Amino acid sequence: MLEINPLIVMTNGRIRVPSFTVRTAVDGYVEKLFVEPLQTVSEGAPLAELVNAALLDSRDRLQVELDGLRQEKHKMLLQADDSRTSSAQLLKFAHEQKHFASQRLSQYETLYKQGAATQAEIAQARSQLNSALENLVALEKAQRQERDRMYSQEQGQSPEMRMFSNRINQLQLEFDKTQDQVLQLSLFAPSGRGMVTEMFTQPGEFLGRGQALLEIIFPEKVHIDAFIPPKYQDYAVVGQMVTVKFPNGEKAEAKIISVPGVMQKSTTAEINPLETVRFAILAQLEFVGNVKNRLINGMPVT
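The structure displayed is predicted, hence computed values, not measured ones.

Thoughts on the overall build of the chain
Looking only at helices and strands, the chain has 3 helices and 16 strands in total. Taken across its 302 residues, the chain has 31% of its residues classed as buried. Sequence-distant contacts, at least 24 apart, represent 73% of the contacts inside the chain between residues at least 6 apart. Counting only carbon and sulfur atoms, one obtains 51% of the accessible surface of the chain, whose full area is about 18900 Å².

Written out as structure tokens, the structure reads:
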């Protein structure tokens with residue numbers, strides 16, 4: 001009964017108690033159930049734990065293979081570092097040899113001017129300097145080539161590094177997918193404060209993907225779907241206070257919280273084959289204050 005002064009509009013509606021059926025996202029055996037019927041649960045509360053040995057084994061195998069490949073790649077990079085260090089040391093020694101040979105030649109030339117050295121000694125010193133220069137040029141060229149090779153290797157351009165990187169990336173994708181499935185073996189309560197109403201399984205049972213585990217209702221989100229005749233549309237406004245009458249004759253206060261629009265008065269499942277299909281303005285109401293009556297989903301009210 002929708003009371004709107006100075007007019008009383010008689011209409012009807014149904015109690016709606018939102019519910020949610022928790023279903024499995026992956027196959028598994030029910031290992032633990034953390035709740036029981038009529039227990040209150042909050043968002044994120046653990047509901048059940050499944051186990052899937054094949055899935056866990058696959059995850060562990062991928063992890064071991066990934067670790068092994070990453071270690072091999074790390075070894076190759078360390079070898080590249082060692083090679084650079086060795087090359088730098090050789091190059092430093094070659095520069096010292098060139099400097100020593102250059103100084104030695106300069107000393108012999110000074111001694112020759114003083115008559116204390118021969119042309120043969122100068123020629124030998126010049127030959128040693130030329131050898132040192134040739135060795136330095138060869139080492140610098142080799143270092144540039146090695147540096148380019150190592151840079152390509154570190155950037156994943158060398159065949160070996162490309163092979164390692166591609167394999168690691170492929171395995172990482174497989175591991176992430178498998179890990180997501182492993183995490184889905186743990187089931188948690190959805191958002192909102194609810195109450196478990198029914199359990200569809202027990203520990204030890206196998207559940208395939210998509211099978212129902214339990215059902216949760218949300219009493220705090222209960223509302224009424226009221227169907228108002230179109231001729232009274234001016235009274236279907238948010239905030240309008242109404243009086244709800246239960247089947248046992250008791251009454252409770254409620255107010256309109258939303259007006260979704262015009263719709264079929266009854267759902268297809270609720271229509272009597274002999275009843276004429278009618279349309280009405282759907283208004284959703286919430287109770288104001290405590291309600292003593294037990295609220296059952298689908299209960300008719302006027």
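Let's pick the thread back up.
Comments concerning the sheet that holds strand β10 (residues 206-207)
Taken in spatial order, the 4 strands make up an open sheet running β8-β7-β5-β10, and their pairing is antiparallel. Whereas interior strands pair on both sides, the edge strands pair on one side only; in this sheet they are β8 (186-188) and β10. For strand β7 (residues 46-51) and β8, the ladder comprises 3 bridges, and the chain directions are antiparallel. Paired with glutamate 49 across the two strands is serine 186, which belongs to β8.

Notes on the pattern of salt bridges
Tallied over the entire structure, the rule returns 6 salt bridges. For arginine 167, the salt bridge is made with glutamate 65, and the minimal N-O distance between the two is 2.9 Å. Placement of arginine 167 in helix α3 (residues 159-183) and of glutamate 65 in helix α1 (residues 53-113) is noted, with a sequence separation of 102 residues between them. A relative accessible area of 28% means that glutamate 65 is categorised as partly exposed. With a closest N to O distance of 4.0 Å, arginine 70 and aspartate 67 form a salt bridge. Note that arginine 70 and aspartate 67 are positioned in helix α1 at a spacing of 3 residues, about one turn of the helix.

Notes on the nonpolar core
Judged by nonpolar contacts, the single largest core of 20 residues is most densely connected at Ile15, Ile224, Val244, Phe246, Leu285 and Phe287. Elements supplying a minimum of two residues to this core: β12 (223-228), β13 (241-245), β14 (251-264) and β15 (279-287). Excluding its chain neighbours within four sequence positions, the residues that come into contact with isoleucine 224 are Arg14, Ile15, Val244, Ala283, Gln284, Leu285, Phe287 and Val301. In terms of nonpolar packing, the next biggest core, distinct from the first, is built from 19 residues, Val35, Leu55, Leu185 and Ala189 among them.

Remarks on the environment of phenylalanine 227
Mapped onto the secondary structure, phenylalanine 227 falls in strand β12. Between the C-alpha atoms of phenylalanine 227 and alanine 283, which are 56 residues apart in sequence, the distance is 6.4 Å.

With respect to unusual backbone geometry
A positive phi angle, close to 75°, is found at leucine 38, a residue other than glycine. Looking at the secondary structure, you find leucine 38 in the loop between β5 (28-33) and β6 (40-41).

What about the environment of alanine 48?
Within the secondary structure layout, alanine 48 lies in strand β7. Expressed as a C-alpha distance, the spacing of alanine 48 and phenylalanine 188, which sit 140 residues apart in the sequence, is 7.2 Å. With residues near it in sequence (within four places) discarded, alanine 48 still touches Lys32, Leu33, Phe34, Leu185, Ser186, Leu187 and Leu213.

Things to note about the sheet that holds β6
Spatial strand order, β4-β11-β9-β6: 4 strands in an open sheet with antiparallel pairing. Looking at the sheet topology across the chains shown, the edges are occupied by β4 (19-23) and β6. Of the pairings in the sheet, the one linking β6 to strand β9 (residues 194-199) comprises 2 bridges and is antiparallel in character. By the bridge assignment for β9, threonine 40 is matched with methionine 195.

Here's the deal with the pairing of strand β3 (residues 12-16)
Note: β3 against β12, 5 bridges, orientation antiparallel. Along β12, the bridge assignment pairs arginine 14 with aspartate 225. Bridging between β3 and strand β16 (residues 300-301) involves 2 bridges; their strand directions are antiparallel. Each bridged residue has a counterpart across the sheet, and for arginine 14 the counterpart in β16 is proline 300.

Quick look at the confidence of the model for the chain
When pLDDT is averaged along the chain, the result is 80; 79% of the residues meet or exceed 70. Under a pLDDT of 50 for its full length, residues 273-277 has, in the predicted model, 2 contacts with residues more than four places off or in other chains.

Cut-offs applied
- Residues numbered from 1 in each chain as written.
- Predicted model: local features only at pLDDT ≥ 70, side-chain atom pairs only at ≥ 80, totals over all residues.
- Heavy atoms only, no water.
- Helix = DSSP H or I, 4+ residues; strand = E, 2+ residues; numbered from the N terminus.
- Buried < 20%, exposed > 50% of the residue type's maximum accessible area, 1.4 Å probe, protein only.
- Contact = heavy atoms within 4.5 Å.
- Areas by Shrake-Rupley, 256 points an atom, 1.4 Å probe, with all protein chains shown as cover.
- Pairing = 2+ DSSP bridges.
- Salt bridge = Lys/Arg side-chain N within 4 Å of Asp/Glu carboxyl O.
- Core = buried A, V, L, I, M, F, W, Y, C linked by side-chain atoms within 4.5 Å.
- pLDDT = per-residue confidence, 0-100.

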